[in-house]
Amino acid sequence: MYTPPAFRDDDRHSIVATIRGARLAHVVTTTEAGVLATPLPLFLDENEGEHGVLYGHLAKANPQWREPALGEGLAIFMGPDAYITPSWYETKRETGKVVPTWNYVAVHAYGPVEFFDDAARLLDLVTRLTDLHEGERPAPWAVSDAPSDFIQAQLRGIVGLRMPITRLEGKRKMSQNRSASDRAGVAAGLADSPRPTERAAAALVPVD
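Residues numbered from 1 in each chain as written. Predicted model: local features only at pLDDT ≥ 70, side-chain atom pairs only at ≥ 80, totals over all residues. Heavy atoms only, no water.

Trainee: With reference to specific residues and values, describe the side chain of glutamine 64.
Mentor: Position of glutamine 64 among the secondary structure elements: in the loop between strand S4 (53-59) and strand S5 (73-84). Accessibility expressed as a relative area gives 4% for glutamine 64, which makes it buried. Not counting the four nearest positions on each side in its chain, glutamine 64 is found in contact with Val27, Val28, Thr29, Leu36, Ala37, Thr38, Leu58 and Phe115. (Helix = DSSP H or I, 4+ residues; strand = E, 2+ residues; numbered from the N terminus. Buried < 20%, exposed > 50% of the residue type's maximum accessible area, 1.4 Å probe, protein only. Contact = heavy atoms within 4.5 Å.)

Right, here's the structure in full:
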């Protein structure tokens, strides 16, 4: 990922927060059949390996797991993003020498991609993933709420994914390269947006 120094995010806590907040990632592998990608909900287990391990699952009918990866796989996590209009810049009023851009947060995680179909491991995986996303609900649904034979049948239709992370790249492009007055204008403009993701991006623009 191209990351100018002003936008590089090397903070582990920030990177993990982006991974956990993204909820849906894109898993990309290069194979002899070409580049393959699948949107997947993943969870990060920080207790495994130096940088943690990502887990998820995909449909057994998905050809991506059948094609051996050439080199490492890539998991892409996106945080808040927003279109930035030049109209928010003080520089527009001063010189007019401004153009639109896009602010965003992204994390790229790299590592070998492993697939498995062991029923016990798959049950553990889907249970952990379900508990993660049901946890904030007032009456969370659990995998054990469904009949056991039904769940076992469902597990036969998926393949587990395990990706030990070998390196992480974080990027936080939030107008850091603009003047203080321009950043203040961007933050104010985003804060007034009707889009929740743009309001979330407003809080990430450095205005001090």
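Now, onward.
Trainee: Could you give an account of the sheet that holds S4, naming the residues involved and the relevant values?
Mentor: An order of S3-S4-S8-S7 is seen for the four strands of this open sheet, with the pairing classed as antiparallel. Each end of this open sheet is capped by a strand with a single partner; those strands are strand S3 (43-45) and strand S7 (114-116). Direction aside, neighbouring strands of the sheet carry axes that sit 30° apart on average. By the bridge criterion, three bridges tie S7 to strand S8 (residues 158-164) in an arrangement that is antiparallel. Each bridged residue has a counterpart across the sheet, and for phenylalanine 115 the counterpart in S8 is leucine 161. (Pairing = 2+ DSSP bridges. Axes fitted to C-alpha atoms, helices over the stretch in contact; angles between N-to-C directions.)

Trainee: Run through helix H5 (residues 180-191), naming residues and quoting values.
Mentor: Spanning 12 residues, H5 covers 16 Å between terminal C-alpha atoms, matching the ideal 16 Å at 1.5 Å per step. Taken together, the buried positions of H5 are occupied by Asp182, Arg183, Gly185, Val186, Ala187, Gly189 and Leu190. On its buried face, H5 sits against S5, helix H2 (90-94), strand S6 (101-111) and helix H6 (196-202). (Expected span 1.5 Å × (residues − 1).)

Trainee: Give a detailed account of the nonpolar core, specifying residues and quantitative values.
Mentor: One finds Leu42, Leu54, Phe77 and Leu161 to be the most contacted residues of the largest nonpolar core, which totals 19 residues. Of all the secondary-structure elements, those providing two or more residues to this core are helix H1 (12-22), strand S1 (24-31), S4, S5, S6 and S8. For this core, the leading source of residues is H1, giving four residues. Contact partners of phenylalanine 77, with chain neighbours within four places excluded, come to Thr18, Ile19, Ala22, Ala25, Leu42, Leu54, Val105, Ala106, Val107 and Ala109. Counting residues in each nonpolar core, the second largest holds 13 residues, with Leu129, Val143, Leu155 and Ile158 among its members. (Core = buried A, V, L, I, M, F, W, Y, C linked by side-chain atoms within 4.5 Å.)

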